[in-house]
There are 2 protein chains.
Amino acid sequence: MNDYSKIFTDFLLRKEMKFTNSRKIILDTVFSLHDHFDIETLYETIKTKHNNVSRATIYRAIPLLIEAGLLKKSLRSLSKDKYEHIFGHPSHLHLICDKCGKIIEEVDKDVENLLNKIAIKYDFKIKEVNVSLRGFCSDCVKVGSSNV
Amino acid sequence: MNDYSKIFTDFLLRKEMKFTNSRKIILDTVFSLHDHFDIETLYETIKTKHNNVSRATIYRAIPLLIEAGLLKKSLRSLSKDKYEHIFGHPSHLHLICDKCGKIIEEVDKDVENLLNKIAIKYDFKIKEVNVSLRGFCSDCVKVGSSNV
DNA sequence: TTTACTAATGAGAATCATTTGCAACAAGAA
DNA sequence: TTCTTGTTGCAAATGATTCTCATTAGTAAA
Ligand SMILES: [Mn+2]
Ligand SMILES: [Mn+2]
Ligand SMILES: [Zn+2]
Ligand SMILES: [Zn+2]
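Along every chain, residues carry numbers that run from 1 in the direction the sequence is written. Chain letters start at A and ligand numbers start at 1, both assigned in the order the entries are written. Local features in this predicted model are restricted to residues whose pLDDT is 70 or higher, and side-chain atom pairs enter the listing and the counts only when it is 80 or higher, whereas totals over whole chains, interfaces and linings include all residues. Side-chain descriptors were evaluated using all non-hydrogen atoms of the structure, hydrogens and water having been removed beforehand.

Engineer: Tell me about the layout of surface pockets, and name the residues and values.
Structural biologist: Left-over empty space is what a probe sized like a water molecule reveals as it rolls over the atoms. Its boundaries defined by the atoms lining it, the second largest pocket holds a volume of some 160 Å³. Residues of the lining of the second largest pocket, tallied by class, amount to two nonpolar, five polar and three charged. Cavity means a closed set of points on a 1 Å grid over the protein atoms alone, one where a 1.4 Å probe fits but cannot get out, pocket means an open set with protein on both sides within 12 Å along at least 5 of 7 lines, and lining means a residue has an atom within 4 Å of a point. Grid points are joined across faces, edges and corners, and a volume is the space filled by probe spheres set on the points. Residues are grouped as follows: nonpolar covers Ala, Val, Leu, Ile, Met, Phe, Trp, Tyr, Cys and Pro; charged covers Asp, Glu, Lys and Arg; every other residue, Gly included, is treated as polar.

Structure representation (structure tokens):
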């Protein structure tokens, strides 16, 4: 059993929940996608592999994966929530192009440290950090930012 | 005419759009609210103080106010976008308590500078920056973070 | 002023992502 | 095996946002 499965089974055990086949499929598919994905993409990906998992079950599994620390709702683009698995990946911020939808990732420990300091200042217990810059990527700036 | 109205009328003039009564009411109400608000709150506030402005008109005015640099979609809570007017206010980040809903604001120029440097590194033209820390505020940590 | 043109509006229907209710199902416990 | 209870798929419900379209109102020309 791989690392993320171990983490999830342990999590489910603690919650007295079952590691069902549907949850197995959802977990594995989440870790097979190496981009920021939305629920519909996840659903379609599962579907093409001939496994029948309903949207409802996916929507029900997502909060579990998040609570287990395996998945993060990391940004919003084109009015859809985008997720990414976070186990094995350093925390990072996003530069989101509003024109072409490109997403650039950047790891920056300095920003992270500053944010942690702010949290300490307020006795705030951080569960999740979100940093995103929206605008135009270099390609789209060249073309002209007159339209959206 | 006050500053924000001047900015908005100039903006509308440039876009060859009209400074209608509905837009006037929406603008004034946006600047009368000194909290982060959602569209429904804005709608209800307008409803109790003025004659009818439809939801559709509000939804249509919001992007204009944002484009004019007067308003910002600054965070998402309970699957609703929360807005705040930004004219006359320094840019700031948010600490959002997932338990009691409290929102703490913090101005941090160092974080801002670091993010600007990242944007320059990628030739990225920033239109909007969003930084938010979710978790438990000091009050809610004390009580115990076992639930939610 | 009046007229004429067009953007803007209000009301509600449509849309789209997400959630929920429920009957059928399946994993363990006994 | 039988029982208990969590889980699932389906479809209907929900809720925020967008769209359609008939009507209204702002503006410029006459
Ligand atoms: Mn990412
Ligand atoms: Mn704020
Ligand atoms: Zn781009
Ligand atoms: Zn709190």
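Engineer: Please provide a residue-by-residue account of the nonpolar core, values included.
Structural biologist: Core analysis: the biggest nonpolar cluster contains 30 residues, and Leu95(A), Leu115(A), Phe124(A), Leu95(B), Leu115(B) and Phe124(B) have the highest contact counts within it. Each helix is a run of DSSP H or I of at least 4 residues and each strand a run of E of at least 2, with the numbering of both proceeding from the N terminus. Of all the secondary structure elements, the ones that give two or more residues to this core are β3 (93-97), α5 (109-121) and β5 (125-136) of chain A together with β3 (93-97), α5 (109-121) and β5 (125-136) of chain B. Setting aside residues no more than four positions away along its own chain, Leu95(A) makes contact with Lys102(A), Ile103(A), Ile104(A), Glu106(A), Leu133(A), Ile118(B), Ala119(B), Tyr122(B) and Phe124(B). To define a nonpolar core, start from buried Ala, Val, Leu, Ile, Met, Phe, Trp, Tyr and Cys residues and group those joined through side-chain atoms within 4.5 Å. Burial classes: relative accessible area under 20% of the type maximum marks a residue as buried, over 50% as exposed, and values in between as partly exposed (1.4 Å probe, protein chains only). In what follows, a contact means two residues having at least one pair of non-hydrogen atoms within 4.5 Å.

Engineer: Quick one: what's the story with the protein's contact with DNA strand C, residue by residue and with numbers?
Structural biologist: Close to DNA strand C lie 18 residues; Tyr59(A), Thr20(B), Asn52(B), Thr57(B) and Arg60(B) are nearest. Taken together, the sugar and phosphate atoms account for 70% of what DNA strand C places within 4 Å of the protein. Between DNA strand C and the protein, one listed contact pairs a phosphate oxygen with a side-chain N or O atom of Asn52(B) at 2.3 Å. Of all the secondary-structure elements, those providing two or more residues to the surface near DNA strand C are α4 (55-67) and β2 (80-85) of chain A together with α2 (21-32) and α4 (55-67) of chain B. Its residues assigned to classes, the surface near DNA strand C shows six nonpolar, five polar and seven charged. One heavy atom within 4 Å of a molecule or strand is enough for the residue carrying it to be called near that molecule or strand. Think of a polar contact as two N or O atoms within 3.5 Å of one another; within protein, one of them needs to be a possible hydrogen donor and the other a possible acceptor, and neighboring residues in sequence only count if both atoms come from side chains.

Engineer: How would you explain the packing of aromatic side chains if you had to name every residue and give the values?
Structural biologist: All names here are of chain A. Two aromatic rings from Phe, Tyr or Trp, using only the six-membered ring of Trp, form a pair when their centres are within 6.5 Å; if the ring planes differ by under 30 degrees the pair is stacked, by over 60 it is edge-to-face, and anything between is tilted. Counted by the stated rule, this structure contains eight aromatic pairs over all chains. Look at phenylalanine 8 and phenylalanine 19: their rings are 6.0 Å apart centre to centre, the planes differ by 85°, and that puts the pair in the edge-to-face class. Taken together, the positions of phenylalanine 8 in helix α1 (residues 3-14) and phenylalanine 19 in the loop between α1 and α2 (21-32) put the pair 11 residues apart, joining distant regions of the chain. Joined through ring pairs, the aromatic side chains of Phe8, Phe11 and Phe19 make up one cluster. Counting as a charge over the ring demands two things of the Lys NZ or Arg CZ atom: a distance within 6 Å of the ring centre and an angle within 35 degrees of the ring normal. Its guanidinium or amino end placed over the ring of tyrosine 43, arginine 55 lies 4.1 Å from that ring's centre, counting from NZ or CZ.

Just geometry here; none of it tells us what the structure is for.
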